[in-house]
Amino acid sequence: MKQDTLKPIVILVVLILTSINPIKAQWTYSELNQLKTDVTISYDVIYERNLTKQERKSKEYVRDISVTFNKKGILIEKKFYASAQTNRFAHLDYKREKAFYCTVSSNGGKVALQSNFREPKKNAEINTNETKNIVGLTCNKATVSIKGISKEIFFTKKLGIKYCKKYNIDGFLLEYSDYNKKLGHYKVVAKKILYHNMAPSFFSLNGYNIISSQEYAAIKNNAKEKIHEAKISKLEEKAPKFRAKSIKGNKILSKEMLGEIIVLNFWFTTCGPCKKEIPQLNKLKEKYNKQKVNFIAIALDPAYKIAAFLKENKFNYDIIPEGRYYKDKFDIPSYPTNIVIDQKGIIKMYETGYKNDIIERMSYEIEKALKI
């Protein structure tokens, strides 16, 4: 996982790009031209079962959603997660019939993955006789099947634009249901509507690097090749020397660890795969606790962010903060990356990306080094 480059989640992109009606359909209604201001609708996300504290901290957990559109036919959808991050959002251009999945990286880089509107796949049975009032608007009812269970959705034409997600309805959704394979069924319900004027820049893609799906695939393949090349080129090389101070105040000098094994982990606090493997890394450290093996984690984050992270997440490595300098020295292409250095300072393992069997992989190399 990269922190400073494009990080679109393909599954979410598909959801966005399949959430619009066919290109030949009518995208807006006469009510849109009557708008005197921009419109923002806030939604609550309600899960059917009681989620655990850990589930509410997961990257799948969406706590609320905001949708804003203007009379020019530009709609912005933002999802707010447990961390309240809003560095990704959907930009839908109804006049151009284009959808953009936008990402703003931590270093200010802006990328928009572009695709055409696509036809929704979920059939809906419209009930024109039953209505419901949501945020002051009269909505029509429809029923859809989600994982074999019948669910109600409600929509209106009063807002003048289609926002139908993956359902083939003719209107703007104000209540709908969906399913997450980890968190189960959930309902999204509009709770507030606000008529106001946003700054023009809010709806603009100026400054974004707009790329097609084909270009994104090429970037992804190129990244994979670089990761593979880095792994092959680093093995059996002399590891770069380094010196630093950990967040515990320990002085760490690689030259003083010659004759011992060094295990390095490169990570950052908002990296999902990094966080996922930490419990396994803790078990690995415990396994070799009485051996001459040094476990060091080099984080990109400053010390105060790491301290906040550690209040909720146990990580038993000695942690070096603000490690971008060391990341460059070791040519780290992606996160997480785990490195095993033997007693002579030679790199014996250079593994990038989350692996389910990371304990077995690293134990194998550590055991070989211990026998030297």
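Residues numbered from 1 in each chain as written. Predicted model: local features only at pLDDT ≥ 70, side-chain atom pairs only at ≥ 80, totals over all residues. Heavy atoms only, no water.

On a plain count of helices and strands, the protein comes out with seven helices and 19 strands. Residues counted as buried form 49% of the 372 residues belonging to the protein. Here the protein displays about 19,300 Å² of accessible surface, and carbon together with sulfur accounts for 49% of that area. (Helix = DSSP H or I, 4+ residues; strand = E, 2+ residues; numbered from the N terminus. Buried < 20%, exposed > 50% of the residue type's maximum accessible area, 1.4 Å probe, protein only. Areas by Shrake-Rupley, 256 points an atom, 1.4 Å probe, with all protein chains shown as cover.)

Evaluated as defined, the whole model comprises 22 salt bridges. The salt bridge partner of Asp170 is Lys157, with a shortest N-O separation of 3.1 Å. Pair noted here: Asp170 is in the loop between β9 (149-156) and β10 (172-180) and Lys157 is in the loop between β9 and β10, with a separation of 13 residues, a long-range link. Overall, Asp170 belongs to the partly exposed group, its relative accessible area being 31%. A relative accessible area of 40% places Lys157 in the partly exposed class. When the shortest N-O distance is used, the salt bridge between Lys187 and Glu175 registers 4.0 Å. One end of the pair, Lys187, is in strand β11 (residues 184-196); the other, Glu175, is in strand β10, with 12 residues separating them in the sequence. The structure contains a network of salt bridges with shared partners spanning Glu351, Lys355, Asp357 and Arg361. (Salt bridge = Lys/Arg side-chain N within 4 Å of Asp/Glu carboxyl O.)

As a volume, the second largest pocket reaches approximately 210 Å³. Forming the walls of the second largest pocket are Asp38, Asn70, Lys71, Lys72, Ile74, Asp93, Lys95, Met198, Pro200 and Phe203. In terms of residue class, the lining of the second largest pocket is made up of four nonpolar, one polar and five charged. (1 Å grid on protein atoms, 1.4 Å probe; cavity = no way out; pocket = protein on both sides within 12 Å on 5 of 7 lines; lining within 4 Å. Points joined across faces, edges and corners; volume = space filled by probe spheres on them. Nonpolar A, V, L, I, M, F, W, Y, C, P; charged D, E, K, R; others polar.)

All right, on to the confidence of the model for the protein then. Residue-level pLDDT values for the protein average 87, and 87% of them are 70 or greater. When pLDDT is averaged over each element of the protein, strand β1 (residues 38-47) comes out on top at 97 and helix α1 (residues 10-17) at the bottom at 40. (pLDDT = per-residue confidence, 0-100.)

A few words on the pairing of β9. Alignment of strand β8 (residues 137-146) against β9, held across seven bridges, turns out to be antiparallel. Across the sheet, Asn140 pairs through a bridge with Phe155, a residue of β9. Between the antiparallel neighbours β8 and β9 lie two residues, among them Lys147 with a positive phi of about 55 degrees. One ladder, built from three bridges, connects β9 with β10; its direction is antiparallel. Looking at the pairing, Phe155 lines up with Leu173 of β10. (Pairing = 2+ DSSP bridges.)

Our next topic: the packing of aromatic side chains. As enumerated under the stated definition, the model contains 17 aromatic pairs in all. Ring geometry for Tyr163 against Phe172: centres 5.0 Å apart, planes inclined by 35 degrees, an arrangement best described as tilted. Residue class for Tyr163 comes out buried when judged on its relative accessible area of 3%. Taking relative accessible area as the criterion, Phe172 reaches 0% and is therefore assigned buried. Among the aromatic residues, ring-to-ring pairing joins Phe242, Phe266, Tyr325, Tyr326 and Phe330 into one connected group. (Phe/Tyr/Trp six-rings, centres within 6.5 Å; stacked < 30°, edge-to-face > 60°.)

It is worth spelling out the sheet that holds strand β17 (residues 318-320) at this point. Read across the sheet, five strands follow the order β17-β16-β15-β18-β19 without closing on themselves; strand pairing throughout is mixed. Each edge of the sheet is formed by a strand with only one pairing partner; in this case those strands are β17 and β19 (347-352). Put simply, the sheet's adjacent strands are angled 20 degrees from each other on average, direction ignored. As judged from the five bridges shared by strand β18 (residues 337-341) and β19, these two strands associate in the antiparallel manner. Counted as the bridge partner of Asn338 is Glu351 from β19. Contacts from helix α4 (residues 272-287) reach β15 (261-267), β16 (293-299) and β18 within the one sheet, and its direction differs from that of β15 by about 165 degrees. In this fold helix α7 (residues 358-370) packs onto β15, β16, β18 and β19, with an angle of close to 170 degrees to the strand it touches most, β19. (Axes fitted to C-alpha atoms, helices over the stretch in contact; angles between N-to-C directions. Contact = heavy atoms within 4.5 Å.)

As a further point, take a positive patch on the surface. A cluster of basic side chains, namely Lys238, Lys241, Arg243, Lys245, Lys251 and Lys255, defines a positive patch on the protein surface. Relative to the helices and strands, Lys251 resides in strand β14 (residues 251-253). Among the residues examined, Lys251 registers a relative accessible area of 68% and is labelled exposed. (Patch = residues over 30% accessible without salt bridge, like charges linked within 9 Å, V, L, I, M, F, W, Y side chains within 5 Å. Lys, Arg positive; Asp, Glu negative; His and termini not counted. Charge placed at Lys NZ, Arg CZ, Asp CG, Glu CD.)

When the terminal C-alpha atoms of α4 are compared, their 24 Å separation across 16 residues agrees well with the 22 Å that a helix rising 1.5 Å per residue should span. Along α4, the sharpest change in direction is near 40 degrees and occurs at Ile278; proline Pro279 comes one to four residues later. Residues of α4 that are buried sit in contact with β15, β16, α5 (303-312), β18 and α7. (Expected span 1.5 Å × (residues − 1). Bend = angle between axes of the 7 residues up to and from the residue.)

What follows is about the side chain of Thr40. With respect to the helices and strands, the residue Thr40 is situated in strand β1. Excluding residues within four positions of it along the chain, Thr40 makes contact with Ser66, Val67, Thr68, Lys192, Ile193, Leu194 and His196.

This next bit is on the sheet that holds β9. Pairing is mixed in the open sheet, where 12 strands are placed in the order β7-β8-β9-β10-β11-β1-β2-β3-β4-β5-β6-β12. Only two strands of the sheet have a single partner each, and these edge strands are β7 (125-134) and β12 (209-212). Taken pair by pair, the neighbouring strands of this sheet meet at an average axis angle of 25 degrees, ignoring direction. One ladder, built from six bridges, connects strand β4 (residues 88-93) with strand β5 (residues 98-104); its direction is antiparallel. Bridge assignment links Leu92 to a residue of β5, and that residue is Ala99.

Bringing the side chain of Glu351 into the picture now. Its place among the elements puts Glu351 in strand β19. Polar contacts involving the side chain of Glu351 include one to the side chain of Arg361, which spans 3.5 Å. (Polar contact = N/O pair within 3.5 Å; in protein donor to acceptor, adjacent residues only side chain to side chain.)

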